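# Architecture and fold: a report
The primary structure of each chain is shown beneath.
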Amino acid sequence: DQLLADDRVENIVANGFDQVTVTEVGGRRIPGPPLADSDDDFENRIRQLAATAGRTERRFDDAHPFLDLRLADGSRMHAVKAAILHFPILWRCR
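Before going into details, it helps to say that this report is about the structure given with it. All residue numbers here refer to positions counted from 1 along the written sequence of the relevant chain. Given that the model is predicted, a residue must reach a pLDDT of at least 70 before its local features are reported, and side-chain atom pairs must reach 80 or more before they are shown or counted; all residues, however, enter totals for whole chains, interfaces and linings. Working from all heavy atoms in the structure, the side-chain values ignore hydrogens and water.

Next up on the list: the pairing of strand E2 (residues 20–24). Burial analysis of E2 places four of its five residues in the buried class, the great majority of the element. Pairing of strand E1 (residues 9–15) with E2, which is carried by five bridges, proceeds in the antiparallel orientation. Following the sheet pairing, Ala 14 is matched in E2 by Val 20. Strand pairing follows a simple DSSP-based rule, namely that at least 2 bridges must link the two strands. Strands here are runs of E lasting at least two residues and helices are runs of H or I lasting at least four, both read from the DSSP assignment and numbered beginning at the N terminus. Counting the residues between successive antiparallel strands, the hairpin from E1 to E2 contains four residues, one of them, Gly 16, with a positive phi of roughly 90°. In terms of strand pairing, E2 meets strand E3 (residues 29–31) through three bridges, oriented antiparallel. The residue of E3 that forms the bridge with Thr 23 is Arg 29. Once E2 ends, the chain turns through four residues before running back antiparallel as E3, passing Gly 26 with a positive phi of about 100°. The cut-offs for exposure are 20% and 50% of the maximum accessible area for each residue type, with area from a 1.4 Å probe on protein chains only; residues under the lower value are buried, those over the upper are exposed, and the others partly exposed.

Here it is, written out as structure tokens:
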């Protein structure tokens, strides 16, 4: 939530809950904080966003492993739940 509210943050890329890279306006990339307590918690948070963000509820599970959302602030969120990975991947772009 803090990263989403920060106007200096342009993009957030997470490979699992704790491998986070933040790109600031101007292109500077820095390590970001963990986005959850575990990969399972991270996946649950993505599911919650899928259910509550946007105009219609969307699923994020094994049957629907790709998620594209427009968040309330106008930014886009993309998530992939790949069968070969053990953690979800998330992109958030302004």
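Moving on, there is more to tell.
Next up on the list: the environment of Val 9. Considering the arrangement of structural elements, one finds Val 9 in strand E1. Residue class for Val 9 comes out buried when judged on its relative accessible area of 3%. Put simply, Val 9 and Glu 24 are 15 residues apart on the chain and 4.4 Å apart in space, counted from C-alpha to C-alpha.

It is worth spelling out the pairing of strand E5 (residues 76–80) at this point. One ladder, built from five bridges, connects strand E4 (residues 66–70) with E5; its direction is antiparallel. When the bridges of E5 are listed, Asp 68 appears paired with His 78. Hairpin remark: E4 followed by E5, antiparallel, with five residues in the connecting loop; positive phi at Gly 74, about 95°.

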